[in-house]
Amino acid sequence: MSDVVGEKKVVSIEYVLRNAAGEELDRSQPDHPLLFLCGSHNIVPGLEKQLLGKAVGDEVDAVVPPEEGYGPKMKVKDLRFPRSSFPADAKLEKGVQFMTRTEKGPMPLWVKKVQGPTVICTPLHPLAGVELHFHVKILELRDATEEELQHGHAHGPGGHHPHDEEE
Ligand code: ZN
């Protein structure tokens, strides 16, 4: 069996993300590749799909529509929280992400702005509605460990630290 990106593989990549206009939105840090466990929704589905079957050293240009990325831009209600409900040292500025607990489990929210004692947040990902243009290079590939498969994510540098579990 050739070693290519597929289910139960831990994949290490470096990437640059741009929008359709070519503006850079994000990139992996030098010497800090992104690690993901294939088949466990660690990265946006449209990108994972286009990395399947690739090998170490391959470079991939992937265009991902919002539907396979961070979702369509929707009208959603902003949520308001008192400033006091955040940790005192929390950096609260536009685009900062945090998790809130709901009945359905943890949910990500993004700060829109701070208005006096109120923090206005949105559940809409900042990249919702954005066509994602990835340039990806595959650096490493290995089989996932049992523990990683149970957790649904990669461990080690660039992934989750095994002792950093939320559960
Ligand atoms: Zn874990």
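Quick caveat: nothing in here was measured; it's all calculated off a predicted structure.

(A) Fine view of the overall build of the protein chain. When you go through the protein chain residue by residue, the secondary structure sums to 2 helices and 9 strands. Mapped in sequence order, the helices and strands of the protein chain form the string β-β-β-α-β-β-β-β-β-β-α. With respect to the three principal axes, the spread of C-alpha positions in the protein chain is 60 × 40 × 30 Å. Across the 167 residues that make up the protein chain, the buried fraction comes to 33%. Long-range pairs, those at least 24 residues apart, make up 62% of the contacts in the protein chain between residues at least 6 apart in sequence. Just so you have it, the protein chain exposes about 10800 Å², and 52% of that area is on carbon and sulfur atoms. Separation between the mean location of the 19 positive side-chain charges and that of the 27 negative ones in the protein chain comes to 11 Å.

(B) Quick peek at the layout of surface pockets. For the second largest pocket, the calculated volume is near 320 Å³. Around the second largest pocket sit Val-44, Pro-45, Gly-69, Tyr-70, Gly-95, Gln-97, Pro-108, Trp-110, His-125, Pro-126 and Leu-127, which together line it. By residue class, the composition of the lining of the second largest pocket is 7 nonpolar, 4 polar and no charged. Residue contributions to the lining of the second largest pocket reach at least three from each of two domains, namely domain 1 (9-70 + 128-166) and domain 2 (79-122).

(C) How the structure looks around the nonpolar core. Grouped together as the largest cluster of nonpolar side chains are 21 residues, with contacts concentrated most on Val-11, Leu-47, Leu-51, Leu-132 and Phe-134. Among the secondary structure elements, those contributing two or more residues to this core are strand S1 (9-18), helix H1 (45-51), strand S4 (59-64) and strand S9 (132-143). Here this core gets 5 residues from one element, more than from any other, and that element is S9. Excluding residues that lie within four positions of it along the chain, Val-11 makes contacts with Val-5, Leu-34, Leu-35, Phe-36, Cys-38, Ile-138, Glu-140 and Leu-141. Counting 7 residues, the second-largest nonpolar core is a separate cluster that includes Phe-86, Leu-92, Val-111 and Cys-121.

(D) Just the pattern of salt bridges, in detail. A full pass over the atoms with the stated rule returns 7 salt bridges. Across the salt bridge formed by Lys-9 and Asp-143, the nearest N and O atoms sit 2.7 Å from each other. Of this pair, Lys-9 sits in strand S1 while Asp-143 sits in strand S9, placing them 134 residues apart in sequence. One salt-bridge network, held together by shared partners, links Asp-3, Lys-9 and Asp-143.

(E) The arrangement of the domain arrangement of the protein chain in detail. The domain architecture assigned to the protein chain consists of domain 1 (9-70 + 128-166) and domain 2 (79-122). Distance from the C-alpha centre of domain 1 to the C-alpha centre of domain 2: 26 Å.

Rules of the game
Residues numbered from 1 in each chain as written. Predicted model: local features only at pLDDT ≥ 70, side-chain atom pairs only at ≥ 80, totals over all residues. Heavy atoms only, no water. Helix = DSSP H or I, 4+ residues; strand = E, 2+ residues; numbered from the N terminus. Buried < 20%, exposed > 50% of the residue type's maximum accessible area, 1.4 Å probe, protein only. Contact = heavy atoms within 4.5 Å. Areas by Shrake-Rupley, 256 points an atom, 1.4 Å probe, with all protein chains shown as cover. Lys, Arg positive; Asp, Glu negative; His and termini not counted. Charge placed at Lys NZ, Arg CZ, Asp CG, Glu CD. 1 Å grid on protein atoms, 1.4 Å probe; cavity = no way out; pocket = protein on both sides within 12 Å on 5 of 7 lines; lining within 4 Å. Points joined across faces, edges and corners; volume = space filled by probe spheres on them. Nonpolar A, V, L, I, M, F, W, Y, C, P; charged D, E, K, R; others polar. Domains from an automatic or database assignment. Core = buried A, V, L, I, M, F, W, Y, C linked by side-chain atoms within 4.5 Å. Salt bridge = Lys/Arg side-chain N within 4 Å of Asp/Glu carboxyl O.

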